[in-house]
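This is what each chain is made of:
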Amino acid sequence: MTADGGKAWPEMNFSQHTAWSDPGPFADSLDELPADPGELADCLENFLIHHAAARSLNFGVPDYAETDRNLRTVERLFRTAKDRDDRPFSEHRQLPAYLYGSCHDFVLIAASKFRSLGIDARLRVGFVDYFRKDRWEDHWLCEYRKDGEWRLLDAQLGMRARQGHGVEFDITNVPRSRFKSGCELWLAIRRGEIDPQKCGLFYAGISGHWFPASNVLKDVATLAAIEPLPWDYWGPARDFSRDQAVSEQAQAQLEQMARCFVPAPASLQEASSILDGFQWAKPTETVLSFVDGELCERPLI
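Since we're looking at a predicted model, the values are computed, not measured.

Draft legend 1. Summary view of helix α8 (residues 210–223). In this model, α8 (14 residues) spans 21 Å end to end at C-alpha, consistent with the 20 Å of a helix rising 1.5 Å per residue. With respect to burial, α8 is a largely interior element, 14 of its 14 residues being buried. At the C-terminal side of α8, Ala225 shows a positive phi close to 65 degrees.

Spelled out as structure tokens, the structure:
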């Protein structure tokens, strides 16, 4: 599907690159990454770190790397990484040469690797319960097909991250009970099963109805092979904020759409067709996005 809401190409499927996952001239760099999902997550730690993790570990983020998390595409991520250190990704970098991204970037690169191998892969937007006790933390995973079934990979949890968070489950097959997609979580909120104040981005002090509401739009977008940044807002989400309640009408509209995406569509064509029925939810060519702490209009790609 195109950014302006046009229908997906008939031959498009989850094993093909999107405009965001295409490595462009850096296909050889993508080949440097291991094909095994667990080894892939470990390898990503050689050159990519979450910007919030860098701050929490007192590494900090260099001034020149503050914009890394807004690069949007694998091609731009790889170009920046190789400009800082041109060695193969299998070789560990020093911190000044790292990319300082977000969970989105780990997942996008993982999906790009899978797609380069002809494996179905898609970004999943949602919340996990394994970062903070009794909280659903905003987090993106990579869903990939193996042995005829969809599995969840937490590409951010390489060896060092697993040790730091005390994660003991298989990160290449994250238990479904530990992750709720944006649509699943929204339906649970509407049923009164989950308190929206326990859902958000807690390292940034963000929680409440507006945040999971906006993630419903991102969840359905990625299922239709449109891959925005976590802080992109369009359609009704342009009006969502911690200072403004989500109207009951908007909540009900999101619920109606979420029901159509749970369970997740099996094919890209099905997801795109469903999204066609919710024109108000389609990402636009430009979106509101946080840049340097301010909301600015930015191209989706």
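Draft legend 2. Just the side chain of Thr80, in detail. As for its position among the elements, Thr80 is in helix α4 (residues 74–84). Accessibility expressed as a relative area gives 17% for Thr80, which makes it buried. Those residues in contact with Thr80 that lie beyond four places of it in its chain are Asp68, Leu71 and Leu99.

Draft legend 3. Geometry of a nonpolar patch on the surface. Taken together, the side chains of Leu57, Phe59 and Leu95 make up a nonpolar region of the molecular surface, amounting to roughly 270 Å² of accessible area. When you line up the elements, Phe59 lands in the loop between α3 (51–56) and α4.

Draft legend 4. Up close: the nonpolar core. Judged by nonpolar contacts, the single largest core of 86 residues is most densely connected at Leu33, Phe47, Phe78, Ile109, Met257 and Phe261. Setting aside its immediate chain neighbours within four residues, Ile109 contacts Leu30, Leu33, Leu44, Phe47, Leu48, Val74, Leu77 and Phe78.

Draft legend 5. Inspection of the pairing of strand β3 (residues 121–128) at higher detail. Within β3, eight of the eight residues are buried, leaving the element largely enclosed by the surrounding structure. Alternating residues of β3 divide into Ala121, Leu123, Val125 and Phe127 and Arg122, Arg124, Gly126 and Val128, and every residue in both groups is buried.

Draft legend 6. Unusual backbone geometry, seen in detail. Between Val262 and the following residue, Pro263, the backbone shows a cis peptide bond with an omega angle of 0 degrees. Secondary-structure assignment places Pro263 in the loop between α9 (248–260) and α10 (268–276). Within the chain, Asp147 stands out as a residue other than glycine whose phi angle is a positive 55 degrees. Within the fold, Asp147 resides in the loop between β4 (136–146) and β5 (149–153). Since its relative accessible area comes to 67%, Asp147 is described here as exposed. Notably, Ala225 is not glycine yet its phi reads approximately 65 degrees, a positive angle. Summarising the element assignment, Ala225 is placed in the loop between α8 and β9 (232–233).

Draft legend 7. Looking closely at the packing of aromatic side chains. Using the criterion set out here, one finds eleven aromatic pairs in the structure. Pairing Trp210 with Tyr233 gives two aromatic rings, centres 6.4 Å apart and planes at 40 degrees, and the pair type is tilted. Here Tyr233 lies in strand β9 and Trp210 lies in helix α8, a separation of 23 residues in the sequence. On the basis of relative accessible area, Tyr233 is assigned to the buried category, the value being 6%.

Draft legend 8. Spatial organisation of the packing of helix α7 (residues 182–190) against α9. Packing of α7 against α9 brings their axes to within 9 Å, and their N-to-C directions diverge by 130 degrees. Regarding the angle of α7 to α9, the classification is oblique. Viewed along their axes, α7 and α9 form a crossing whose handedness is left-handed. Contact with α7, carried on its side by Cys183, Trp186, Leu187 and Arg190, involves Glu248, Gln251, Ala252, Leu254, Glu255, Ala258 and Arg259 of α9 and no other residues of that element.

Draft legend 9. Up close: the state of the cysteines. Going through the model one piece at a time under the given rule, you end up with zero disulfides. Here Cys43 stays free of any disulfide, with the sulfur of Cys142 as its closest cysteine sulfur at 15 Å. Among the cysteines around Cys183, which has no disulfide bond, Cys260 carries the closest sulfur, lying 9.1 Å off. For Cys183, a relative accessible area of 0% translates into the label buried.

Draft legend 10. How the structure looks around the packing of α4 against helix α5 (residues 103–116). The contact between α4 and α5 brings their axes to 10 Å, and the two run at 105 degrees. In terms of orientation, α4 lies roughly perpendicular with respect to α5. In contact with Val74, Leu77 and Phe78 of α4, α5 contributes Asp105, Leu108, Ile109 and Ser112. Here the residues of the contact of α4 with α5 sort into five nonpolar, one polar and one charged.

Draft legend 11. How the structure looks around the pattern of salt bridges. Here the structure, examined in full by the defined rule, presents 28 salt bridges. Between Arg176 and Glu143 there is a salt bridge, with the nearest N and O atoms lying 2.8 Å from each other. With Arg176 in the loop between α6 (159–165) and β6 (179–181) and Glu143 in strand β4, this pair connects stretches of sequence that are 33 residues apart. Residue Glu149 is joined to Arg151 by a salt bridge in which the shortest nitrogen-to-oxygen separation is 3.0 Å.

Draft legend 12. The confidence of the model for the protein, seen in detail. Scored by pLDDT, the protein comes out at a mean of 94, with 96% of its residues at no less than 70. Low pLDDT (under 50) marks residues 1–10, which in the prediction has 23 contacts with non-local residues, meaning those over four places away or in another chain.

Rules of the game
Residues numbered from 1 in each chain as written. Predicted model: local features only at pLDDT ≥ 70, side-chain atom pairs only at ≥ 80, totals over all residues. Heavy atoms only, no water. Helix = DSSP H or I, 4+ residues; strand = E, 2+ residues; numbered from the N terminus. Expected span 1.5 Å × (residues − 1). Buried < 20%, exposed > 50% of the residue type's maximum accessible area, 1.4 Å probe, protein only. Contact = heavy atoms within 4.5 Å. Patch = residues over 30% accessible without salt bridge, like charges linked within 9 Å, V, L, I, M, F, W, Y side chains within 5 Å. Areas by Shrake-Rupley, 256 points an atom, 1.4 Å probe, with all protein chains shown as cover. Salt bridge = Lys/Arg side-chain N within 4 Å of Asp/Glu carboxyl O. Core = buried A, V, L, I, M, F, W, Y, C linked by side-chain atoms within 4.5 Å. Phe/Tyr/Trp six-rings, centres within 6.5 Å; stacked < 30°, edge-to-face > 60°. Axes fitted to C-alpha atoms, helices over the stretch in contact; angles between N-to-C directions. Parallel < 35°, antiparallel > 145°, perpendicular 65-115°, else oblique. Left-handed = near helix turned anticlockwise from the far one by under 90°. Disulfide = S-S within 2.5 Å. Nonpolar A, V, L, I, M, F, W, Y, C, P; charged D, E, K, R; others polar. pLDDT = per-residue confidence, 0-100.

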